[in-house]
Amino acid sequence: MKKVLLTATALTLVASFAPAIAGDAAAGKAKFAICAGCHGPAGTGNAALNYPKLTGLEEAYVAQQLRDFKSGKRTGPQAATMKAMTAPLSEADMDNLAAYVATLQ
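For the structure given in this document, a descriptive report is provided here. Being a predicted model, the structure only gives us computed values, none of them experimental. (Residues numbered from 1 in each chain as written. Predicted model: local features only at pLDDT ≥ 70, side-chain atom pairs only at ≥ 80, totals over all residues. Heavy atoms only, no water.)

1. Some points on the packing of aromatic side chains
Counting across every chain of the model gives one aromatic pair. Ring geometry for Phe32 and Tyr100: centres 5.3 Å apart, planes at 55°, overall tilted. Of this pair, Phe32 sits in helix α2 (residues 25-39) while Tyr100 sits in helix α5 (residues 91-101); the two residues are 68 residues apart in sequence, bridging distant segments of the chain. The same class applies to Phe32 as to Tyr100, namely buried. (Phe/Tyr/Trp six-rings, centres within 6.5 Å; stacked < 30°, edge-to-face > 60°. Helix = DSSP H or I, 4+ residues; strand = E, 2+ residues; numbered from the N terminus. Buried < 20%, exposed > 50% of the residue type's maximum accessible area, 1.4 Å probe, protein only.)

Now the structure itself:
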């Protein structure tokens, strides 16, 4: 009984730290069209123009970066452009985009 309780407690703790993003990748794909102008239709980026690749990024990471650009917390060479690109996005839009980007390999 003690093992069961300990295992259940451990699983609960692990689940509580897991990202709670659950965006709709299909909806994100439709929104991604504007992103593709710089990041490419497959999310492979353009190093020559300093547009990073998005392939292989995790959903929670992408969602946080979008929020940080929108809020102005994220800075750097493309921050102003990304702030403008994220300005019209809702929370759901950012989650959906993150879900789609996470599917890009």
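2. A short note on the side chain of Arg67
Among the structural elements, Arg67 can be located in helix α3 (residues 59-71). Of note is the side chain of Arg67, whose polar atom sits 2.7 Å from the side chain of Glu91. Residue contacts for Arg67: discarding those within four places in its chain leaves Glu91, Met94 and Asp95. (Polar contact = N/O pair within 3.5 Å; in protein donor to acceptor, adjacent residues only side chain to side chain. Contact = heavy atoms within 4.5 Å.)

3. Notes on the packing of α3 against helix α4 (residues 79-86)
Where α3 meets α4, the axes come as close as 7 Å, and the angle between the chain directions of the two elements is 100°. What the angle tells us is that α3 and α4 run roughly perpendicular. Contacts between α3 and α4 pair Leu66, Phe69, Lys70 and Ser71 from the former with Ala79, Met82, Lys83 and Thr86 from the latter. Here the contact of α3 with α4 is composed, by residue class, of four nonpolar, two polar and two charged. (Axes fitted to C-alpha atoms, helices over the stretch in contact; angles between N-to-C directions. Parallel < 35°, antiparallel > 145°, perpendicular 65-115°, else oblique. Nonpolar A, V, L, I, M, F, W, Y, C, P; charged D, E, K, R; others polar.)

4. Overview of α5
Here α5 lies mainly inside the structure; nine of its 11 residues are buried. Those residues of α5 not exposed but buried are Asp93, Met94, Asp95, Asn96, Leu97, Ala98, Ala99, Tyr100 and Val101. In this structure, the buried residues of α5 make contact with α2 and α3.

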